[in-house]
Structures are given as structure tokens and as C-alpha cells.
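Coordinate analysis (summary)
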Amino acid sequence: MNILIVGGGGREHAVVKALKLNQKVEKIYALPGNGGIAKEEGAECFPVKATDLDGIVEFAKSHKIDFAAITQDDPLVMGCVDRLEELGIPCFGPTKAAAIIEGSKVYSKDLMKKYGIPTAASETFTDAEAAIKYLKTCDYPTVIKADGLAAGKGAVIVNSFEEAKKTVDEIMIKKVFGASGNQILIEEFLTGPEVSVLSFTDGNIIVPMVSSMDHKRALDNDEGLNTGGMGTVAPNPYYTEEVQKECMEKIFLPTVKALNKEGRTFKGCIFFGLMLTPKGAKVIEYNCRFGDPETQVVLPLLESDLLEIMLAVREGRLKEEMVRFRKGAACCVIVASNGYPAHYETGYEITLPKTKTGEYLYVAGAKAAGEKLLTSGGRVLGASAVGDTLREAIDGAYALAKGVHFENAYMRKDIGQRALKAKNN
Ligand code: AMP
Ligand code: GLY
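Below or above, wherever it landed, is the structure these notes cover. (Residues numbered from 1 in each chain as written. Chains lettered and ligands numbered in written order. Predicted model: local features only at pLDDT ≥ 70, side-chain atom pairs only at ≥ 80, totals over all residues. Heavy atoms only, no water.)

**Quick notes on the overall build of the chain**
The helix and strand inventory of the chain stands at 14 helices and 23 strands. For 425 residues, the compact-globule formula gives about 22 Å, and the C-alpha radius of gyration of the chain, at 21 Å, lands near that figure. Dimensions of the chain, computed from the C-alpha atoms along their principal axes, are close to 60 × 45 × 45 Å. Residues classed as buried in the chain amount to 55% of the 425 residues present. By sequence separation, contacts in the chain at least 24 residues apart represent 68% of the contacts at least 6 residues apart. Approximately 18200 Å² of the chain is accessible, and the part contributed by carbon and sulfur atoms is 49%. One way to put it: in the chain the 52 positive side-chain charges average out to a point 1 Å from where the 56 negative ones average out. (Helix = DSSP H or I, 4+ residues; strand = E, 2+ residues; numbered from the N terminus. Rg over C-alpha atoms; globule rule 2.2 N^0.38 Å. Buried < 20%, exposed > 50% of the residue type's maximum accessible area, 1.4 Å probe, protein only. Contact = heavy atoms within 4.5 Å. Areas by Shrake-Rupley, 256 points an atom, 1.4 Å probe, with all protein chains shown as cover. Lys, Arg positive; Asp, Glu negative; His and termini not counted. Charge placed at Lys NZ, Arg CZ, Asp CG, Glu CD.)

**Quick notes on the sheet that holds strand β16 (residues 268–277)**
Taken in spatial order, the four strands line up as β11-β10-β16-β17 in an open sheet, and their pairing is antiparallel. Unpaired on one side and paired on the other, β11 (206–208) and β17 (280–287) mark the two borders of the sheet. Direction aside, neighbouring strands of the sheet carry axes that sit 35 degrees apart on average. In this sheet, β11 lies alongside strand β10 (residues 194–201) in antiparallel orientation, the contact comprising three bridges. Its bridge partner lying in β11, F200 is registered against V207. (Pairing = 2+ DSSP bridges. Axes fitted to C-alpha atoms, helices over the stretch in contact; angles between N-to-C directions.)

**What about the sheet that holds strand β1 (residues 2–7)?**
With respect to topology, five strands assemble into an open sheet ordered β3-β2-β1-β4-β5, the strand pairing being parallel. Each edge of the open sheet is held by one strand with a lone partner, namely β3 (43–45) and β5 (91–92). Running at roughly 90 degrees to strand β4 (residues 67–70), helix α12 (residues 306–315) makes contact with β1, β4 and β5 of the sheet.

**Thoughts on the nonpolar core**
Ranked by size, the top nonpolar core spans 76 residues in total, and within it L19, F92, F200, F290, L306 and M310 carry the most contacts. When residues in this core are grouped by element, the largest group, eight residues, is from strand β18 (residues 329–337). Setting aside residues no more than four positions away along its own chain, F200 makes contact with F92, I205, I206, V207, M209, G268, F290, L306, I309, V313, L318 and V323. Core analysis: the second largest hydrophobic core is formed by 46 residues, Y29, C80, F252 and C288 among them. (Core = buried A, V, L, I, M, F, W, Y, C linked by side-chain atoms within 4.5 Å.)

**A short note on the packing of helix α1 (residues 10–19) against α12**
Running from N to C, α1 and α12 point in directions that differ by 100 degrees, and their axes come no closer than 8 Å. Classified by the interaxial angle, the pair formed by α1 and α12 is roughly perpendicular. Contacts between α1 and α12 involve V15, A18 and L19 on the former and, on the latter, L306, L307 and M310. Within the contact of α1 with α12, the residues separate by chemical class into six nonpolar, no polar and no charged. (Parallel < 35°, antiparallel > 145°, perpendicular 65-115°, else oblique. Nonpolar A, V, L, I, M, F, W, Y, C, P; charged D, E, K, R; others polar.)

**A short note on the site of ligand 2**
Around ligand 2 sit D214, G228, F271, N287, R289, G291, D292, P293 and E294, and those are all the residues in its vicinity. Contact between ligand 2 and G228: a nitrogen atom at 3.5 Å from a main-chain N or O atom of the residue. R289 is positioned such that a nitrogen or oxygen atom in its side chain is 2.9 Å from an oxygen atom of ligand 2. Taken by itself ligand 2 offers 200 Å² of open surface, and the protein chains cover 89% of this. Counted by class, the shell around ligand 2 contains two nonpolar, three polar and four charged residues. (Near = heavy atom within 4 Å. Polar contact = N/O pair within 3.5 Å; in protein donor to acceptor, adjacent residues only side chain to side chain.)

**What about helix α8 (residues 128–135)?**
All of the buried residues along α8 are A128, A131, I132 and L135. With its buried residues spanning 95 degrees around the axis, α8 presents them on a single face. More than 90 degrees from the buried face of α8, the exposed residues found are E129 and K133. Those residues of α8 that are buried are in contact with β6 (122–125), β7 (142–146), α9 (161–173) and β9 (184–188). (Arc of directions from axis to C-beta.)

**Let's talk about the side chain of Q72**
Relative to the assigned elements, Q72 resides in the loop between β4 and α4 (73–78). Polar side-chain contacts of Q72 include one of 3.0 Å to the side chain of D74. In contact with Q72, other than residues within four places in its own chain, are V6, G7, G8, R11, E12, A50 and R289.

**A look at the site of ligand 1**
Close contacts around ligand 1 come from 15 residues, with E187, L190, E194, K216 and E285 the closest. K216 has a polar side-chain atom sitting 2.8 Å from an oxygen atom of ligand 1. Here an oxygen atom of ligand 1 and a side-chain polar atom of E285 are 2.9 Å apart. In isolation ligand 1 offers 480 Å² of accessible surface; the protein chains occlude 91% of this area. Broken down by secondary-structure element, the contributors of at least two residues to the shell around ligand 1 are β7, β8 (155–158), β9 and β17.

If you want it as C-alpha cells, here you go:
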């Protein structure tokens, strides 16, 4: 089979590596892919942007594609799956109608309210003045969210009215996130451990994958700026079987059913960003795709065949027993360019250590230059390792990450420490 992947991060490299385990896969085309994917045997990258839907369609027409996996948020929200399916190419990923759960936070909030799915209380505003008037009456901290995609920066926790006013001004007047700021949500501030749950759904049933924990802040002890994620561990120790049961009953199944009722049947991966509050699990956000870097710890633990699952999802014949995970744990440490997510330099040559069984190097922000690999982004790569215990996985990931060399490399030193503490309590 010839497979097309749309996306170019560490998540996509992890998906490519997992798909390659299926003997039926002959060729993988990645648009645009990255330097790590380009080095995978049987994979080839082409410089078509993931948001260039016309370019993707042209590419698909001129190559024999048997199946496509769209794993990045913006092409999904723009309708990439609809365009490729029109050509007769079966896809893994939601249609534009279903991807709205990530494309519009206002839509998602209304959906959750309508169907009684637990989430933070909130108000929606289309007018800055009305938003500011409301903010005078709020308790702080409170949370302000731009409606649309904002490269993971659209949620701002504000600690005072002054900060809130400034944030509304930036999002709604200065339009720092463009049209994504035409509407905002002002949301109740929740507390509790956060859990990422990626799940496969074919529109009929939903099968959660092993849970994970992201580390979003740039610096140790969860300080510094918000990033796309500096590391992950799986499973998440706060996500017990009891919590999973509660989430299945109150969140996962109701979400799938709600989307069906609204004529927006979702096929693909729904990512539930949850907060385990003292009043139960609540949805912080929905994403319409695998998480990054959650995928870099979830897929190494997947025992089943990813392609077979993706095909079953597309064809509406997913079964719970198709999705099996090995026991044990995984950890991914992101090696970034120093300065990320603000200013950082690129173009440095990367040297990589050899990997053993159970170790994975997932390239994100690096490009191939002949035989060399050069840094080209903030998050350069993820070093992932699996182990029988969480501690083993963490030690393995750090040993691997420390073997990665390039000028200006930076990594957090405490990925997994919070999870270890939670386990020991
Ligand atoms: P989001 O872009 O919706 O994923 O939000 C980014 C981060 O902001 C989340 O991972 C949380 O840490 C935090 N956050 C979002 N919404 C809330 C909320 N209602 N209460 C507390 N923290 C939140
Ligand atoms: N790691 C969070 C995300 O993928 O949105």
C-alpha cells in the first residue's frame, strides 16, 4: 500500500514509524514531513505545506495513494479529508464538519453545554466592550480563550482585571490570532491534575488509548512560557480505572453520540484534554487529532497494528480488542533549540545516538541537508523510551536525549517527576 501523511512534526514521525511496522506498507509520502521522516526507509517527503489543500490534492492525483492519514490540526479543520475523500482516497481523520470540535472552542463549549458534558462554566463574547464589562464581575484567576486555532497559544490565564483587559484587547482588537479572535470564551478557572486521553473512534464506538501527561511549560517546575509540549509520560498515574470509567460514561461516549446527533460523525482520533477537578473530570479542550508530544509516548506502547486500526476506523468496524497496549510505561523528552518558544537560532548540525529496542528518536524541527540533519525549528526532536516501570522509562529517555548533540540544545530536566511523585503517594 502507498500511504500519504499530511503533517511534519514529531507526531508524524511517530505515526510513520508505527505504520512502517505493517508489512503491507510499501511507500509513505509525507507532506511536508521533516528530516527524520525523510531518512526512514520507504518514506519520502515533498515540500507541500500541510495547509496547501490544492497542493495536497494535486500531489494525491499524480501519485497512487491507497490511504491517507491527516494528523495535523489545520488541514483537518480546513477540510483536507473531505477533499481527498472526494478523489476516492480513504482517509484517517475527521471531516471538516467534525474537526470543528478543535476549530471552534465556542462550538465545542455549546456542544458540551447542550449535551451535559462536564466542562468549565463559561460565557461567549463577540464584542470586546461587553467582554470587558463582564470581566469586571469575574473572580480571578480566570481564563480567556480565542475561539479558533492559535498555535496552542489561544488560552490565557489572567490573574487580574487589568491583565484580562489587556488580553481581550490583544485577541479581539489587535487580533494577534487573526480571525480566531473574532469570538472569545471567558471561562471558569479549574484546578486539578491534567490528563491527555487520545482515543480512536469510528463514529460508533470509542476506544481510549493509554493515557498520558504533557509538560507544557518551557522551564523546570512548570515555569516559563507555554510551549507545544516539552515532554510526556504514559500512562498518567492520576488516570485510574475508576476515572476512566467515569470519563467513558460522562465524556467520551456522550461526545461521540452528540457529534452523531449534530450530523458531524467523527472518525479518527479525538484527543480529550481533561482536568481531574475535585468535582470530577471536566473537558478543558477537544483536539481533532493525535497530540504532540503525547503520540511519542502512546505509539511506542501500542502492541496492535496502527494501520489496521486506522483502516477499521475509516470503515466503521472498530472493535475494542483491536487496540492493545503493552504493560509498562513510556517517557518522551523534547530536545529543543535554546530560547524556544520565543527567539531561537536554527541551522545547527545534529548528531544522533544509536537507538536500542524500546528507544525512539522522533524528529520534529530538523531538515535533511544531504546526509546531514540540521535544526530548523523550536522543538527539534523527541527522545522516547519504554520501560517496565515509569522510572525506567524516564531514565531511558534521558539517557537517549543526552546522546543527542547540537549547538544550543535545551531540555527540561524534570519530565516525569510529577508523575513519579503521584505514583509514590
Ligand atoms: P488549551 O489551549 O485549551 O489546551 O489550554 C492550554 C492550557 O491552559 C491547558 O493545558 C490548561 O493548563 C490551561 N487551561 C485551559 N483552560 C483552563 C481552565 N478552565 N482552568 C484552568 N486552566 C485551564
Ligand atoms: N500536546 C498538546 C497538543 O498536542 O495539543
